[in-house]
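Each chain, letter by letter, is given below.
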Amino acid sequence: MITLVDVCKHFGSLHALQHVDLEVPAGQKLVIIGPSGSGKSTLIRCINMLEKPSSGQVVVDGVDLTAHRAPVAKVRQSVAMVFQSFNLYPHKTVLDNLTLAPMVVKGVSRDEATESALGYLQRVGLSEKADKYPAQLSGGQQQRVAIARALNMHPKIMLFDEPTSALDPEMIQEVLEVIIDLANSGITMVVVTHEMGFAREAADRVVFMDEGRIIEDGTPEHFFVNPQHDRTKLFLSKILR
Amino acid sequence: MSDIFGRIGFLQEGPFAIPRWEAVFSNIDLLWQGALVTLTVASLGLALALALGTVLGVMGASHWTGPRAFARGYVEFYQNTPLLIQVFMIFNALPMIISGLFIPVITIGILGVGMYHGAYISEVVRAGIQSIGRGQLEAAVSQGFTYVGAMRYIIIPQAMRIVLPPLTNQAVSLIKNTSVIAIIAGGDLMYAGDAFAGRFGHYGPTYVLVGLGYFLMCFPLAILARRLEDRTRVA
Ligand SMILES: Nc1ncnc2c1ncn2[C@@H]1O[C@H](COP(=O)(O)OP(=O)(O)OP(=O)(O)O)[C@@H](O)[C@H]1O
Ligand SMILES: [Mg+2]
C-alpha cells in the first residue's frame, strides 16, 4: 500500500531522512517511535508529499508520487492525515469541517456527505456538537472531530502525527480509544506516537527511528521485549522506566 | 447690528457670497453628472482592483517562483510610480504603441485606479494569507484540495476577516484617487467642478460642494472600516 525506496530528505545541511526503505502492506497498523528530531514527522509527511523527498521514491496505492507530474492531489483524497495540532477549519462548523472536502474535492452531494458525516460524528461520540465551531470544543473533542473529518473522505490510509501530544492528559484516552476502534477496522494506519500503551495494544508492527534512519523494525513483542539495537534499549529504558 | 453684518459679510460678498451659491445650485446637475461618472469609475475600478489584488496576493503568497516574482514586480512598479503618470501613460502612450486604439476616458479611469489599487490590495491580501497558520494549508491540501482550492475555501475566507478593515481604507482612497482623470478631461466630479468654477468663476461654493460629494461617498466606508476594526479587536 505504501512503499518508500531509498528516501532522503535534506533541510539545508541537515539530513532529516537518510536512505529510508519502508513497505507497508494494506491493512497494516504501523507505529513509528523515536526520539525528538529523529525524522518521524518528516517520514510520515513524505507519504502524502507534505514534504517532498530530496531523493528516492514514494509509491502510494500503486501511484509513484515522486514521478514528474504525479497526481498527488488525487492520491491525497484517499490518504487522510490527522495532525498534532488538529488543524480544524475555524471558520466552519463541525459538520462543515467534515463535509467541505468530500463535496468540493470529491464532488459528493451535500446530502450524502452530511449523512456519512453524522455517522462518523456519532462514531467519535460527538453527534451533539455538529453545529458548534471548533473553538467551542475541548482539545480532545477537536481531535476527535479531526479524525471524523479524515474518515469522511473514506480514506484507504490514515496517517497520524502525534495525535495526542497536544492534549491535556485527561483527554488523551478518549482520543486513543477512537484510534484503537479504527485500528480494528481494515484500514491501513501509520501512527507516530509516544504512547507506548497504544503501540502495544493497536500496532501490528513497530518501527524505531533515530537520526533519520529506521534502526529497528518488528512486531510490538519484538520491540518491547527483545529489542536488538542499543539505541532502542536506551530509549525504552528512559520512556518505560 | 453692524457687528452681526460684519460677521455674515462673507455671505454678501467674496468667494462664498449668497448669489454665487444660488448660481451654483441652479446648475447643480452639471456636478451631478460628474458625481455619477466618479461613482461609475470608483465602483468598476474597485471591482478590478479587488480581482487583481486577490489574484496577485495569492500569487505573491504562493511557493511558485514565477508567479511570485511577477506579483512582486507588479507591486513594485505600481506602488513606486505616481498614479497621475500611470493614467497619463495609458491615455497618451498606449494609443501610440497600438495605433488607432481609442480608449474611452472612463475606461482609462477604471484601468488606472484599478491597476494602481490592485497593487496595494494585493499586498493587503498577501499579508492576510500569510497571517493564517501553515497548518490550515497543510490540512486542506492533505484532504486533496489544490493550492487554489485551499485558498478559495479555507485560507481566503479566514484572511478576509483580518484584511477587511485595511481593504475598506483602500476603497476610500480609490474613490478619492478617481479624481486624477480630471487631467485628461474625465468628466468626473473633480473635472466637472474645475470646469464649472472656470466657466462661472464661483470657485468657493463649487469646491465646497465637490468636496462634500467626495465626503458623502467616502464617509460611509470609513465608518464601516472603523466598525470592522472594532469587531476584529473584540474577536
Ligand atoms: N521545515 C523544516 N526546515 C528545517 N528543518 C526541519 C524542517 N522540518 C524538520 N526539520 C528538522 O528535521 C529534523 C527531523 O524533524 P522531524 O520533525 O521529522 O522530527 P520528529 O522525529 O518528528 O521530532 P518530534 O518528536 O520533535 O516531532 C529535525 O532536526 C528538525 O529540526
Ligand atoms: Mg514530529
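We now turn to the structure provided with this report. Here the structure is a predicted model, which means the values were calculated and not measured.

Considering the overall build of chain B
What chain B contains, in helices and strands, is ten helices and zero strands. Secondary structure elements of chain B occur, N-terminal to C-terminal, as α-α-α-α-α-α-α-α-α-α. Against the globule reference of 18 Å for 235 residues, chain B gives a C-alpha radius of gyration of 23 Å, more extended than a compact globule. Seen through its C-alpha atoms, chain B measures out along the principal axes to roughly 80 × 55 × 25 Å. Relative to its full complement of 235 residues, chain B shows a buried share of 43%. The long-range share in chain B, meaning contacts at least 24 apart out of those at least 6 apart in sequence, stands at 75%. Looking at chain B as shown, the accessible area adds up to about 12,400 Å², and 69% of this sits on carbon and sulfur atoms. Averaging the locations of the 14 positively and 11 negatively charged side chains of chain B gives two centres separated by 12 Å.

Here we look at the interface of chain A and chain B
Tallying the contact residues gives 21 residues for chain A and 15 residues for chain B. Summed over both sides, the interface of chain A with chain B buries roughly 1,600 Å², with 59% coming from carbon and sulfur. Looking at the side of chain A facing chain B, the largest losses of area belong to A:R76, A:Y89 and A:H91, adding up to 33% of the total buried there. Our enumeration of links across chain A and chain B arrives at one salt bridge. The partner of B:E138 in a salt bridge is A:R45, and the shortest N-O contact between them spans 2.7 Å. Counting across the interface, chain A meets chain B through six residue pairs in polar contact (both at pLDDT 80 or more). Of all the secondary-structure elements, those providing two or more residues to the side of chain A that touches chain B are helix 2 (72-76), strand 6 (79-82) and helix 3 (94-104) of chain A. By residue number, the principal contributor to the side of chain A that touches chain B is helix 3 of chain A, which donates three residues. Residues belonging to the side of chain A that touches chain B are distributed by class as follows: 13 nonpolar, four polar and four charged.

Examining helix 4 (residues 110-123) of chain A
Residues and elements named next belong to chain A. Taking 1.5 Å as the rise per residue, helix 4 with 14 residues should run 20 Å; its terminal C-alpha atoms sit 20 Å apart, in good agreement. Taken residue by residue, helix 4 has A113, T114, A117, Y120 and L121 as its buried positions. Down the axis, helix 4 shows its buried residues gathered within 130° of arc, on one side only. Among the exposed residues of helix 4, those pointing more than 90 degrees away from its buried face are D111, E112, E115 and Q122. Buried residues along helix 4 sit in contact with helix 3 and helix 5 (139-151). Backbone geometry just after helix 4 places G125 at a positive phi near 75°.

A look at the pairing of strand 8 (residues 188-192) of chain A
Residues and elements named next belong to chain A. Across the five residues that make up strand 8, a large majority, five, are buried. Sheet analysis places strand 3 (residues 29-33) next to strand 8, joined by four bridges and oriented parallel. Its bridge partner lying in strand 8, I32 is registered against V192. Sheet topology places strand 7 (residues 157-161) next to strand 8; five bridges connect them, and they run parallel. Bridge pairing in strand 8 links F160 to V191. Note on the crossover from strand 7 through helix 6 (residues 169-183) to strand 8: the handedness is right-handed.

Here we look at the side chain of A:N87
Note on placement: A:N87 falls in the loop between strand 6 and helix 3. Setting aside residues no more than four positions away along its own chain, A:N87 makes contact with A:R149, B:G135, B:Q136 and B:A139.

As for the pattern of salt bridges
Scanning all chains against the criterion turns up 13 salt bridges over all chains. Ionic pairing is found between A:K233 and A:D230, a salt bridge with its closest N-O pair at 4.0 Å. With a gap of three residues between them, A:K233 and A:D230 both fall in helix 9 (residues 230-240), about one helical turn apart. Relative accessible area serves as the criterion here: at 39%, A:K233 is assigned to the partly exposed category. According to the relative accessible area criterion, A:D230 is exposed, its value standing at 58%. The closest approach of N and O atoms between B:E123 and B:R126, which form a salt bridge, is 3.1 Å. Taken as a pair, B:E123 and B:R126 lie in helix 6 (residues 105-131) at a separation of three residues, close to a single helical turn. A single network of salt bridges, built from pairs that share partners, joins A:K9, A:R45, A:E51, B:R134 and B:E138.

Brief notes about the packing of helix 3 (residues 28-61) of chain B against helix 8 (residues 147-177) of chain B
Residue and element names in this part refer to chain B. The interhelical angle for the contact between helix 3 and helix 8, taken along N-to-C directions, is 135°, at an axis separation of 10 Å. Regarding the angle of helix 3 to helix 8, the classification is oblique. Taken as a pair, helix 3 and helix 8 cross one another with a handedness that is right-handed. Across the interface between the two elements, A42, G45, L46, A49, L50, T54, V58 and A61 of helix 3 pack against Y147, M151, I156, L167, A171, L174 and I175 of helix 8.

Definitions and limits used
Residues numbered from 1 in each chain as written. Chains lettered and ligands numbered in written order. Predicted model: local features only at pLDDT ≥ 70, side-chain atom pairs only at ≥ 80, totals over all residues. Heavy atoms only, no water. Helix = DSSP H or I, 4+ residues; strand = E, 2+ residues; numbered from the N terminus. Rg over C-alpha atoms; globule rule 2.2 N^0.38 Å. Buried < 20%, exposed > 50% of the residue type's maximum accessible area, 1.4 Å probe, protein only. Contact = heavy atoms within 4.5 Å. Areas by Shrake-Rupley, 256 points an atom, 1.4 Å probe, with all protein chains shown as cover. Lys, Arg positive; Asp, Glu negative; His and termini not counted. Charge placed at Lys NZ, Arg CZ, Asp CG, Glu CD. Buried area = accessible area lost by both parts, 1.4 Å probe. Salt bridge = Lys/Arg side-chain N within 4 Å of Asp/Glu carboxyl O. Polar contact = N/O pair within 3.5 Å; in protein donor to acceptor, adjacent residues only side chain to side chain. Nonpolar A, V, L, I, M, F, W, Y, C, P; charged D, E, K, R; others polar. Expected span 1.5 Å × (residues − 1). Arc of directions from axis to C-beta. Pairing = 2+ DSSP bridges. Right-handed = clockwise from strand over helix to strand, strands pointing away. Axes fitted to C-alpha atoms, helices over the stretch in contact; angles between N-to-C directions. Parallel < 35°, antiparallel > 145°, perpendicular 65-115°, else oblique. Left-handed = near helix turned anticlockwise from the far one by under 90°.

By themselves, these are just geometric observations and shouldn't be taken as functional.
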